[in-house]
Structure formats: structure tokens, C-alpha cells
Amino acid sequence: MPPADASDPQTNAYAMDRLSQAFENSARRWELIVYPSLFAFIILAAYGFYLVFSLAKDVHYLAISVDSNMTVMASNMQSISDNMGQMSSNVRTMAVGVDSMARDVSVLEPMLTTMQGMDHSMQSMTVTTATMRDDLGGMNRSIGRPMHFMNSFMPW
């Protein structure tokens, strides 16, 4: 056991020796924790760098792909716009044609009335013709036999 006097150089040397041993033991314990942690951190940092680099490369390829697809899509959109303009013009032309047809139909309405009158007249003519046919058939029956008999005496 060291002497109790604090001003003694031996006591100071002993205290310093104990302090340095405690510091070395503490440093060894920290080395067991810090060095493997530092190594693990370096490995994780390298892996993180690899992941960020891979992500940046993938984003670059994605940007190139999207850019080329956007160019194609822009040309298709332009084509769609042109076709819509043509369709609009065609619909306008069709509207004019339909208006003209509506006017023509309104002109045809008096003709429809006239055609209905013609239909009625044709029905009357059909009835009259049927009556004439019946009358001629009756006349053929009434005159046919006697004329057949008389034809046998005629020289022609």
C-alpha cells in the first residue's frame, strides 16, 4: 500500500502508473468496439455508394428510355392533332350536307302528298281494270260458244 502523503513523489508516480494502466485497459476495450464498428461502417458505406451508383445508372437509363418514348409519343400526338383537324373539317362538311338534305326533304313533302294522290288513283284504276277483266270474261263466256258454232259455217 502506498504512503498516505499526497505530496510524496512515489505516491504521485504510483497514481500515474495506475491511471495509465486504467487508460490502457479502457483503450483496449474501446479498440474491441471501435475497430470492428469502423470496419462495418466502411463496408456499409461502400455498399451504400454501390447502391447509389447503381440507382444513378438505372435512373440514367430510365431517362434515356423516357426521352426516346416521349419523342415517339410527341410525333403520335401531332398525328392525332392533324387527324382531329381533318375530322373536324369532315364533320363540318357533313353538317352542311345534312342541312341540305333537310331542305330537300322539306321540298319533298308536297311531292309526298302528290304521290299519295297518285297511289289512290292507281288503286282506283286497279279496281276498274279488275272490273273490266271480269266483264270481258263474262262476255267471252256468253259469246264464245255461239261464235264457236258460227265459225264452223264461215269461209274464212
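Structure's up top.
Criteria and cut-off values
- Residues numbered from 1 in each chain as written.
- Predicted model: local features only at pLDDT ≥ 70, side-chain atom pairs only at ≥ 80, totals over all residues.
- Heavy atoms only, no water.
- Helix = DSSP H or I, 4+ residues; strand = E, 2+ residues; numbered from the N terminus.
- Rg over C-alpha atoms; globule rule 2.2 N^0.38 Å.
- Buried < 20%, exposed > 50% of the residue type's maximum accessible area, 1.4 Å probe, protein only.
- Salt bridge = Lys/Arg side-chain N within 4 Å of Asp/Glu carboxyl O.
- Phe/Tyr/Trp six-rings, centres within 6.5 Å; stacked < 30°, edge-to-face > 60°.
- Patch = residues over 30% accessible without salt bridge, like charges linked within 9 Å, V, L, I, M, F, W, Y side chains within 5 Å.
- Areas by Shrake-Rupley, 256 points an atom, 1.4 Å probe, with all protein chains shown as cover.

Participant: Looking at this structure, how should I read the overall build of the protein chain?
Facilitator: Scanning the protein chain for helices and strands turns up 1 helix and 0 strands. Rg of the C-alpha trace for the protein chain: 60 Å, well past the compact-globule value of 15 Å for 156 residues, more than 25% over. Projecting the C-alpha coordinates of the protein chain onto the three principal axes gives extents of approximately 190 × 40 × 35 Å. Looking at the protein chain residue by residue over its 156 residues, the buried ones come to 1%.

Participant: Whenever I open this one, the pattern of salt bridges confuses me. Can you help?
Facilitator: Summed over the entire model, instances satisfying the criterion amount to 2 salt bridges. Close ionic contact of Glu24 with Arg28 constitutes a salt bridge, the shortest N to O distance being 3.9 Å. One end of the pair, Glu24, and the other, Arg28, are both in helix 1 (residues 9–151), 4 residues apart, so they sit about a helical turn from each other. When its relative accessible area of 48% is taken as the criterion, Arg28 is described as partly exposed.

Participant: Can you help me understand the packing of aromatic side chains in this one?
Facilitator: The description of an aromatic ring pair rests on the distance of the ring centres and on the angle between the ring planes. Within the structure shown, the criterion is met by 2 aromatic pairs. Ring centres 6.4 Å apart and planes at 20° place the aromatic pair Phe49 and Phe53 in the stacked group. In this pair, Phe49 and Phe53 are both assigned in helix 1, 4 residues apart and thus about one turn of the helix distant.

Participant: Any chance you could explain a nonpolar patch on the surface here in plain terms?
Facilitator: On the surface, Trp30, Leu32, Ile33, Val34, Tyr35, Leu38, Phe41 and Ile42 cluster together into a nonpolar patch covering about 910 Å² of accessible area. Mapped onto the elements, Tyr35 comes out in helix 1.

Purely geometric stuff here, so don't read any function into it on its own.
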